[in-house]
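Structure assessment
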Amino acid sequence: MIDFFKKLMEQALDLELTVRFTKRDGEWFAALGDELDGLSLEELEEYRSELEARLRDMDDDEPENMAGEKFEQWADARESLEDLLSEVENRIDELT
């Protein structure tokens, strides 16, 4: 599942698209959305909040074994999410 999110976030970064995450009943869902350039400042700020919430969720799900492959996958996916958040923050900076 973590590989799926990592690939989706990388694709979103490459295409400069948003990626929407939801977690329902312990299950994660994600979908690609609008281009970052097409979002208003208000939409970007809302998206930033959503990404920050997903980072907090990921932190709650951090694997305990820091030497295992599961942790490495988690860390890669978290880094990709941080990169996407950075892109959103850069776009917000451009608009303000």
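Keep in mind that this is a model prediction, so the values were computed, not measured.

With that out of the way, let us pick up the overall build of the protein. Of the regular secondary structure elements, the protein holds 3 helices and 2 strands. Along the protein, from the amino end to the carboxyl end, the secondary structure elements read α-β-β-α-α. Taken over the C-alpha trace, the protein has a radius of gyration of 14 Å; the compact-globule value for 96 residues is 12 Å, and the two agree within 12%. Once the C-alpha set of the protein is aligned to its principal axes, its extents read approximately 40 × 25 × 20 Å. The buried share of the protein, reckoned over its 96 residues, is 33%. In the protein, of all internal contacts separated by at least 6 residues, the share reaching a separation of at least 24 is 56%.

The subject of this paragraph is a negative patch on the surface. Among the surface-exposed residues, Glu 16, Asp 34, Glu 35, Glu 42, Glu 43, Glu 45, Glu 46, Glu 79, Asp 83 and Glu 87 lie close enough to one another that they form a single negatively charged patch. Of all the elements in the fold, those that place two or more residues in the negative patch are strand 2 (27-35), helix 2 (41-60) and helix 3 (69-95). The dominant element in the negative patch, judged by the number of residues it contributes, is helix 2, at 4 residues. Tracing the chain through its elements places Asp 83 in helix 3. By relative accessible area, which is 38% here, Asp 83 ends up partly exposed.

This part covers the nonpolar core. A general tendency of soluble globular proteins is for nonpolar side chains to be buried together. In terms of nonpolar packing, the biggest core is built from 22 residues, with Met 9, Val 19, Phe 21, Tyr 47, Leu 51, Leu 81 and Val 88 touching the most fellow members. For this core, the leading source of residues is helix 3, giving 8 residues.

Looking now at the environment of Arg 78. Among the secondary structure elements, Arg 78 is positioned in helix 3. On the accessibility criterion, Arg 78 (17% relative accessible area) is buried. Separated by 72 residues in the primary sequence, Arg 78 and Lys 6 have C-alpha atoms spaced 7.9 Å apart. When sequence neighbours within four positions are dropped, the list of residues in contact with Arg 78 reads Leu 55, Met 58 and Asp 59.

Turning to the pattern of salt bridges, a few remarks are in order. Across all of its chains, the model carries 5 salt bridges by this definition. In this structure, Arg 91 and Asp 37 form a salt bridge, with 3.4 Å as the shortest nitrogen-oxygen distance. Here Arg 91 is found in helix 3, whereas its partner Asp 37 is found in the loop between strand 2 and helix 2, with 54 residues between them in sequence. On the accessibility criterion, Asp 37 (46% relative accessible area) is partly exposed. Measuring nitrogen to oxygen at the nearest pair gives 2.2 Å for the salt bridge that ties Arg 78 to Glu 82. Taken together, the positions of Arg 78 and Glu 82, both in helix 3 and 4 residues apart, correspond to about one turn of that helix. Since its relative accessible area comes to 37%, Glu 82 is described here as partly exposed. Connected through salt bridges with shared partners, the residues Asp 37, Arg 91 and Glu 94 form a single ionic network.

Criteria and cut-off values
- Residues numbered from 1 in each chain as written.
- Predicted model: local features only at pLDDT ≥ 70, side-chain atom pairs only at ≥ 80, totals over all residues.
- Heavy atoms only, no water.
- Helix = DSSP H or I, 4+ residues; strand = E, 2+ residues; numbered from the N terminus.
- Rg over C-alpha atoms; globule rule 2.2 N^0.38 Å.
- Buried < 20%, exposed > 50% of the residue type's maximum accessible area, 1.4 Å probe, protein only.
- Contact = heavy atoms within 4.5 Å.
- Patch = residues over 30% accessible without salt bridge, like charges linked within 9 Å, V, L, I, M, F, W, Y side chains within 5 Å.
- Areas by Shrake-Rupley, 256 points an atom, 1.4 Å probe, with all protein chains shown as cover.
- Salt bridge = Lys/Arg side-chain N within 4 Å of Asp/Glu carboxyl O.
- Lys, Arg positive; Asp, Glu negative; His and termini not counted.
- Charge placed at Lys NZ, Arg CZ, Asp CG, Glu CD.
- Core = buried A, V, L, I, M, F, W, Y, C linked by side-chain atoms within 4.5 Å.

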